[in-house]
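# Report on the structure
The residues making up each chain are set out below.
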Amino acid sequence: MKKLTTLLLTLCLLAGVTACGSIHPIDQLRGGLSKEKNCQIILTVEDIPLLGQISVTVQMDGNKQYRTGVLGMGEKYLETVGGTTYQYTHILGDKWVKTQIEQDKEAGKFEELMQQAQEIFVKENFKKVKGENLTYRQRSDVTFDSFQDVTVRFEKDACTVTGKVDMDGVQVSVKLLVNEIGQVSLTLPQVN
């Protein structure tokens, strides 16, 4: 589950993809967060023993994020104000609770995720797939710590990343769809 969460958060940090111009699309993926900070990410993990497939959606809108419930964890919102991050957690009925998240933990996660992103999303680690427009596959001489067989496909307003991830000794298929770039509008829930 930690690798699943890490993969999802890594793509959240990299999510702002814009239309392809003279800049390599992978460079746009890598640096896009600072430009847009607004998108939707749908993570689908397949081939999970006993579970089959799970899917989770994350939406980002500036300093706000939303995540659907997954694997018994309820839906939640995050909001960053200044240097403080708050989590809105859904409890019984229509009630929400707002709590402050420890900065040290979040700062450590952010640094770890940025390091992983820098190692994976480097254009030199990928080669263009012949005959497929704006599709790049992990080079055979490149290895990543957790990810294998990574393919990145760009479309007009979306990006799809597919690959394999080793989760506790079991290889699962992962697909991330980054879309609705610049179109997400989040409203935080009222705290009761």
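The present account deals with the structure reproduced in this document. (Residues numbered from 1 in each chain as written. Predicted model: local features only at pLDDT ≥ 70, side-chain atom pairs only at ≥ 80, totals over all residues. Heavy atoms only, no water.)

Let's shift gears to the sheet that holds strand E9 (residues 147-155). What holds strands together in a sheet is hydrogen bonding between their backbones, with the strands either parallel or antiparallel. Across the sheet, which stays open at both edges, the 11 strands sit in the order E6-E5-E4-E3-E2-E1-E11-E10-E9-E8-E7 with antiparallel pairing between neighbours. Both outer strands of the open sheet, strand E6 (96-101) and strand E7 (126-128), are each paired with one neighbouring strand and no more. Looking at each pair of strands side by side, their axes are set apart by 20° on average, direction ignored. The pairing of strand E1 (residues 38-48) with strand E2 (residues 52-61) spans nine bridges and is antiparallel. (Pairing = 2+ DSSP bridges. Helix = DSSP H or I, 4+ residues; strand = E, 2+ residues; numbered from the N terminus. Axes fitted to C-alpha atoms, helices over the stretch in contact; angles between N-to-C directions.)

Attention shifts here to a nonpolar patch on the surface. The grouping of Leu50, Leu51, Leu71 and Met73 at the surface amounts to a nonpolar patch, some 450 Å² of accessible area in total. Mapped onto the elements, leucine 71 comes out in the loop between strand E3 (64-67) and strand E4 (76-81). (Patch = residues over 30% accessible without salt bridge, like charges linked within 9 Å, V, L, I, M, F, W, Y side chains within 5 Å. Areas by Shrake-Rupley, 256 points an atom, 1.4 Å probe, with all protein chains shown as cover. Salt bridge = Lys/Arg side-chain N within 4 Å of Asp/Glu carboxyl O.)

To continue, consider the side chain of threonine 135. Tracing the backbone through its elements, the reader meets threonine 135 in strand E8 (residues 135-138). Judged by relative accessible area, which is 1%, threonine 135 ranks as buried. A polar contact of 3.2 Å, which involves the side chain of threonine 135, links it to the side chain of arginine 153. Excluding its chain neighbours within four sequence positions, the residues that come into contact with threonine 135 are Lys127, Lys128, Val129, Thr151, Val152 and Arg153. (Buried < 20%, exposed > 50% of the residue type's maximum accessible area, 1.4 Å probe, protein only. Polar contact = N/O pair within 3.5 Å; in protein donor to acceptor, adjacent residues only side chain to side chain. Contact = heavy atoms within 4.5 Å.)

Its place among the elements puts asparagine 133 in the loop between E7 and E8. Asparagine 133 sits in the exposed class, given a relative accessible area of 63%. Residues asparagine 133 and arginine 153, 20 residues apart in the sequence, show an inter-C-alpha distance of 8.3 Å. Residues in contact with asparagine 133, not counting those within four places in the same chain, are Lys128 and Phe154.

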